[in-house]
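Observations on the model geometry
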Amino acid sequence: MTGHDWIYWLFGTLRWSDFPPKGDLIADCAAGIAIAAPLAVVVLLTVKHRWRWLWEEWLTSLDHKRIGIMYTVIAFVMLARALIEAGLMRMQQALAVNADGVVSPEHFAQLFSTHGTAMIFFTAMPFLTGVINYVMPLQIGARDLTFPFLNAVGLWLTAAGAGIVMASLVVGKFAIGGWSAYPPFTETPFSPGEGVDYWIWAVSLASVGSMLSGINFAVTIYKERAPGMQLFRMPLFCWCALCTAILMIFAMPPLTVATGLLALDRYAGFHFFTNDLGGNMMAYANMFWLFGHPEVYILVLPAFGIWSEVISTFSGKRLYGYPSMVFAVMCIAVLSFTVWLHHFFTMGQSASVNAAFGIATMLIGIPTGVKVYDWLLTMYRGRIRLTAPMLFAITFIACFVIGGLSGIILANPPVDFAVHNSLFLVAHFHNMLVPGTLFGLLAGYMFWFPKVFGFRLDERWGRIAWVCWSGGFLAAFMPLYILGLMGATRRTAQFYRAEYEPFLLFAWAGAWLIAFGFVALLVQLWLSVKRRDELAAPIGDPWDGHSLEWWTPSPPPEYNFAVLPKVVDTETFTVMKRQESAYRSPDSYEDIEVPRNTGIPVIIGAAACVCAFALVWHIWWAAVAGFAAAWGALIVRSFDTDQMRTIPAADVRRQHEAWLTRARAATPIDRFAELEPANRGRAVATQ
Ligand code: HEA
Ligand code: HEM
Ligand SMILES: [Cu+2]
């Protein structure tokens, strides 16, 4: 064997030249941050002697609440990254009208590919999975998800995928084929090198993780509801979570298959999606969008659930038209599997096929409209409290209707031929994803934060964030509708028409405002942590809530409920408060079983990450080792018969009675002193 063979055997295609410096200032800064930030965390943890705490309390935890929080942390980290990329793209396009701008076309292509991938798979998905993880079991009166171990495996697979996307900042390059990675462009002849492989393995890990989460959520909702919690008594958020879960179960596998087949094409010389030897890229387009369209509803349905909770709570009213809301979500979920072809009207079907899918697409406007009217009617004559989440909700309704209507425009095949892949399309989908999904998740974060940590977030900075995000969104994306109609195409690094410039500059200013919005969120968090004693809300019901999660202490004990609630209504907690039975001592307590912590999911995630990284670089021995380690860890776990831990009834009683005593002693004024002074009067009035 020659020396060169040995290098290939050991390091695959990885060479020194794949490491920084890469000779490009922006790429090197990005690599620097991607190395320095985790290093800083490592140093901080070491200096503060926090490793054991992190491992024992967090990383190995199977508690759905902690897993939910860890998902949210991943989401925030990836949001920061994807926002920086978005800002760079806005800067490039604004500065590159009849000029070179700041990044090369190839770098620009990497930016929209990583931005799209990071936002969809590693920001929005972990965020919504995190919120469902945290809130859904509490709302249905359950002690955990049905499969806590599987839940942790899903988390660590997602983390592994995010790790792979982050690694591409430092080692080699990410794909330039967009978030949808269409072949034949992503086949080896057109995209040699590691970029597409990074995309394939990152997305594969995320897709498997999400499918596992979907199964877990659906089974939990079917099996773990508290006594009396009939399906039609579940809070609307749980219905949305259920429909999301079903979409995850059915929509993720086509993606896993599509990425798998693309991998076979690239690694083993298959021809599924090539233009010759019997391949057909349309098979990919169909599979990708068979996932991709339901995916956009996976992204938006949990947000619909959050909006429903936020709007009803801060309007001091029951949700208007609950059954119609439930049927609307179910209709949207079912219809979302019948419209995927609208993403490629221009790719050669007959006019009648296009018409069928166009009509199916437009039909989704009806159940969505039902929801919009129900939200408006929930607010109508309510005692509205304009807290930060509620302000986001109002912006959402106004903006989402505009984005929905632009979707209906795109659903007309002849019109779509004119604006397909233009900035009009980019405006449409950001108009759904930013005010719909992202604002929804941010509102959920602010709404449930006091539940999770026992103190509220600072309202003033919440409002500042709201102003920046809403104004920034409008400024950044409304000009894109106009640009699209003027003919500007998506995924374009440079334009040569001077009349685009003012709109692009305006959009860039919007991106800055959004960046301030993100900083405002960080300031809000920092200030709130500093002022946590003042903002404390330990009794657990800071907003005068309706559903069961507000009936536990904040933060809730690891077993969620000392005694399981008896559910009598969609708004059981409101009923309990009215009957003054919410804080009564139960007749008896029982021992509670909770899952023991285990490091195996972390090992599986780490092994999967190694395997994926090795596959990207063709380091076969490491890929096999990673794969074997992941499955080996799973097999080891299957022999572990001591997976549960019992919390004695006496401990449960002690903790619970202490909280009850405090809760009973609190007058309504005390309880709502947990609210910002401006809102206190109104909240007390709603009591
Ligand atoms: C959260 C994400 C999200 C959501 C909710 C939607 C919702 C909708 N989308 Fe969008 N869409 C995307 C994200 C989303 N989309 C993305 C990411 C892409 C591009 C991907 C890519 O190419 O990279 C895309 C692309 C896309 C296309 C492809 C265009 C092209 O490639 O050329 C089309 C075409 O039909 C479309 C249509 C619609 C429609 C009709 C809805 C409807 O669901 C909207 C329904 C809502 C309303 C209509 C408003 C409220 C209703 C009323 C007030 C009632 C009255 C109105 C009527 C009865 C009409 N979308
Ligand atoms: C909030 C500020 C955001 C800004 C300023 C922004 C900006 C951009 C820009 C400039 C592009 C490239 C458009 C082009 O092709 O010319 C883009 C693409 C994209 N964005 Fe965003 N974005 C934002 C938020 C989001 C969010 C929250 C999501 C998803 C949840 C998202 C998902 C996408 C996707 C999927 C693409 C397409 C990538 C591709 O072409 O393959 N974006 N964005
Ligand atoms: Cu679609």
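Residues numbered from 1 in each chain as written. Chains lettered and ligands numbered in written order. Predicted model: local features only at pLDDT ≥ 70, side-chain atom pairs only at ≥ 80, totals over all residues. Heavy atoms only, no water.

In plain terms, the rule: UniProt positions are given in the numbering used here, feature names are shortened, and annotations may be inferred rather than shown by experiment.
Looking at an unreviewed UniProt entry, one finds the protein named Cytochrome ubiquinol oxidase subunit I and attributed to Aurantiacibacter spongiae. Per its UniProt entry, the protein bears the Sequence similarities (unreviewed entry) comment "Belongs to the heme-copper respiratory oxidase family." The UniProt entry for the protein carries this comment under Subcellular location (unreviewed entry): "Cell membrane".

**Notes on the overall build of the protein**
We count it as follows: Going along the chain from the N terminus, every DSSP run of H or I of four or more residues is numbered as a helix, and every run of E of two or more is numbered as a strand. Our radius of gyration is a C-alpha quantity, and the globule rule it is checked against amounts to 2.2 Å times the number of residues to the power 0.38. For every residue, the accessible area obtained with a 1.4 Å probe (protein chains only) is divided by the maximum for its type, and the residue is called buried under 20%, exposed over 50%, and partly exposed between those limits. Working rule for contacts: check all heavy atoms of both residues, and any pair within 4.5 Å makes them a contact. Each accessible area is a Shrake-Rupley result for a 1.4 Å probe, and residues are judged covered by the shown protein chains and nothing else. Within this scheme the basic residues Lys and Arg register as positive and the acidic residues Asp and Glu register as negative, but His and the chain ends are omitted. In this description, the location of a charge corresponds to atom NZ of lysine, CZ of arginine, CG of aspartate or CD of glutamate.
Across its full length, the protein holds 23 helices and two strands. For 687 residues, the compact-globule formula gives about 26 Å, and the C-alpha radius of gyration of the protein, at 25 Å, lands near that figure. Counting across all 687 residues of the protein, residues that qualify as buried make up 57%. Partitioning the contacts of the protein with sequence separation of at least 6, the portion at a separation of at least 24 is 83%. As displayed, the protein has an accessible area near 27,600 Å², and 69% of this comes from carbon and sulfur atoms. In the protein, which carries 45 positive and 45 negative side-chain charges, the distance between the mean positions of the two groups comes to 8 Å.

**Focus on the coordination of the iron atom of ligand 1**
Here is the rule: Here a donor is an N, O or S atom found within 2.8 Å of the metal, or within 3.2 Å if the metal is Na, K or Ca; sites may look incomplete because water is not among the atoms.
There is one protein donor for the iron atom of ligand 1, namely H428 (NE2), at 2.2 Å. If you look at the iron atom of ligand 1 and the copper ion (ligand 3), they sit 4.6 Å from each other. Relative to the assigned elements, H428 resides in helix α15 (residues 423–453).

**Focus on the site of ligand 1**
Note the threshold: Near is defined per residue: the residue qualifies when any heavy atom it owns lies within 4 Å of the molecule or strand. A 3.5 Å cut-off defines polar contacts: any pair of N or O atoms within that distance qualifies, except that in protein one atom must be a possible hydrogen donor and the other a possible acceptor, and neighbouring residues in sequence count only when both atoms are side-chain atoms. Three classes are used, and their members are as follows: Ala, Val, Leu, Ile, Met, Phe, Trp, Tyr, Cys and Pro are nonpolar, Asp, Glu, Lys and Arg are charged, and the others, Gly among them, are polar.
What surrounds ligand 1 is a group of 26 residues, the closest being Y297, D416, H420, H428 and R490. H428 places a side-chain nitrogen or oxygen 2.9 Å from a nitrogen atom of ligand 1. At a separation of 2.8 Å, an oxygen atom of ligand 1 approaches a polar side-chain atom of R490. Looking at the shell around ligand 1, the elements that each hand over two or more residues are α9 (281–314), α12 (365–379), α13 (388–410) and α15. Considering each element in turn, the shell around ligand 1 owes the most residues, six residues, to α15. Looking at the shell around ligand 1 residue by residue, the class counts come to 13 nonpolar, eleven polar and two charged.

**Quick look at the nonpolar core**
Soluble globular proteins tend to bury their nonpolar side chains together. Operational definition: As used in this record, nonpolar core signifies buried Ala, Val, Leu, Ile, Met, Phe, Trp, Tyr and Cys residues forming a set joined through side-chain atoms within 4.5 Å.
Judged by nonpolar contacts, the single largest core of 215 residues is most densely connected at F121, M136, W199, F304, W307, W375 and W469. Dropping the residues within four chain positions of it, F304 is found in contact with C240, I332, T368, K371, W375, F396 and F400. Grouped together as the second largest cluster of nonpolar side chains are eight residues, L88, M89, F108 and F112 included.

**What about the packing of aromatic side chains?**
Cut-off, in case you're wondering: Between rings of Phe, Tyr and Trp, where Trp is taken as its six-membered ring, a pair exists when centres lie within 6.5 Å; planes separated by under 30 degrees are stacked, by over 60 edge-to-face, and by other angles tilted. Charges are assigned to positions over rings by a cutoff of 6 Å between ring centre and Lys NZ or Arg CZ, combined with an angular limit of 35 degrees from the ring normal.
A complete count under the given rule lists 50 aromatic pairs for this structure. Look at F424 and Y481: their rings are 5.1 Å apart centre to centre, the planes differ by 70°, and that puts the pair in the edge-to-face class. Here F424 is found in helix α15, whereas its partner Y481 is found in helix α16 (residues 459–486), with 57 residues between them in sequence. Assigned by exposure class, F424 and Y481 land together as buried. Ring pairing ties together the aromatic residues F121, W179, Y182, F270, F272, F273, Y284, F288, W289 and F291, which thus form one cluster. In this structure, R50 packs its charged tip against the face of W53, placed 4.6 Å from the ring centre. A cation over a ring is seen here: R66 above W58, with NZ or CZ 4.5 Å from the ring centre.

**Considerations on unusual backbone geometry**
Cis rather than trans, the peptide bond between P20 and P21 has omega equal to 0°. Considering the arrangement of structural elements, one finds P21 in the loop between α1 (3–11) and α2 (25–47). Following P183, the chain continues into P184 via a peptide bond in cis, with omega recorded as 0°. For P184, the location among the structural elements is in the loop between α6 (148–170) and α7 (195–223). Phi is positive for L277, which is not a glycine, with a value near 55°. Within the fold, L277 resides in the loop between α8 (236–268) and α9.

**Looking at the coordination of the copper ion (ligand 3)**
Each protein donor to the copper ion (ligand 3) is listed here as H293 (ND1), H342 (NE2) and H343 (NE2); together their distances run 1.8 to 2.1 Å. In the primary sequence, the donor residues of the copper ion (ligand 3) line up as H-x48-H-H.

**Re the packing of α6 against α7**
Let me state the cut-off plainly: The axes are straight lines fitted to the C-alpha atoms, using for helices just the contacting stretch, and the angles between their N-to-C directions are given from 0 to 180°. By definition in this entry, angles of less than 35 degrees are roughly parallel, angles greater than 145 are roughly antiparallel, angles of 65 to 115 are roughly perpendicular, and the rest are oblique. The crossing is said to be left-handed when, going from far helix to near helix, the turn is anticlockwise and less than a right angle, and right-handed when the turn is clockwise.
For the pair α6 and α7, interaxial distance at closest approach is 8 Å and the crossing angle is 160°. It follows from the interaxial angle that α6 and α7 lie roughly antiparallel. Helix-helix and strand crossings are classified by hand; for α6 and α7 the assignment is left-handed. Of the residues in α7, those in contact with L150, N151, V153, G154, L157, T158, A160, G161, I164, V165, A167 and S168 of α6 are Y198, A202, L205, V208, G209, L212 and N216. A breakdown of the residues in the contact of α6 with α7 according to their chemical character gives twelve nonpolar, seven polar and no charged.

**Considering the site of ligand 2**
Around ligand 2 sit 24 residues in total, of which H115, W179, H430, R490 and R491 are the nearest. One nitrogen or oxygen atom from the side chain of H115 is found 2.8 Å from a nitrogen atom belonging to ligand 2. Contact distances for ligand 2 include 3.1 Å between an oxygen atom and a side-chain N or O atom of R490. For the shell around ligand 2, the secondary structure elements donating two or more residues are α4 (64–95), α5 (105–139), α15 and α16. With seven residues, the single largest contributor to the shell around ligand 2 is α15. Classifying every residue of the shell around ligand 2 by side-chain character gives 16 nonpolar, five polar and three charged.

**Let's talk about the side chain of S207**
Along the chain, the position of S207 falls in helix α7. In this structure S207 touches M252, L255 and T256, once residues within four positions along its chain are discounted.

**Notes on a nonpolar patch on the surface**
Applicable threshold: Patches here: salt-bridge-free residues with over 30% relative accessible area, like charges joined within 9 Å, nonpolar side chains (Val, Leu, Ile, Met, Phe, Trp, Tyr) joined within 5 Å. By definition here, a salt bridge exists when the distance from a side-chain nitrogen of Lys or Arg to a carboxyl oxygen of Asp or Glu is within 4 Å.
Taken together, the side chains of W6, I7, W9, L10, F11 and W621 present a nonpolar region at the surface, about 640 Å² in accessible area. The dominant element in the nonpolar patch, judged by the number of residues it contributes, is α1, at five residues. You can see W9 is positioned in helix α1.

**Here's the deal with α2**
Here is the rule: An expected span of 1.5 Å times one less than the residue number is assigned to each helix.
The end-to-end C-alpha distance of α2 is 32 Å, a good match for the 33 Å that 23 residues give at a rise of 1.5 Å each. Against α3 (51–59), α5 and α6 lie the buried residues of α2. Looking at where α2 begins, the residue whose side-chain oxygen comes 2.9 Å from the main-chain nitrogen of I26 is D24. A positive phi of about 50° marks H49, the residue just after α2.

**Quick look at α15**
Rules: Fitting one axis to the seven residues ending at a residue and another to the seven starting there, the bend at that residue is the angle between the two axes.
If you look at α15, its biggest bend is around 40°, right at F447, and the proline P450 turns up within four residues after that. Extensive coverage of α15 is indicated by the burial of 28 of its 31 residues. Where α15 ends, the next residue or the one after it, G454, has phi of about 85°, a positive value.

**Section: the packing of α6 against helix α19 (residues 600–616)**
It is at 8 Å that the axes of α6 and α19 come closest, and there the two elements cross at 30°. The way α6 lies across α19 gives a crossing that is right-handed. Residues F149, A152, V153, W156, L157, A160, I164 and A167 of α6 form the contact with α19, whose participating residues are I600, P601, V602, I604, G605, A608, C609, A612 and F613. When the residues that make up the contact of α6 with α19 are grouped by side-chain class, the tally is 16 nonpolar, one polar and no charged.

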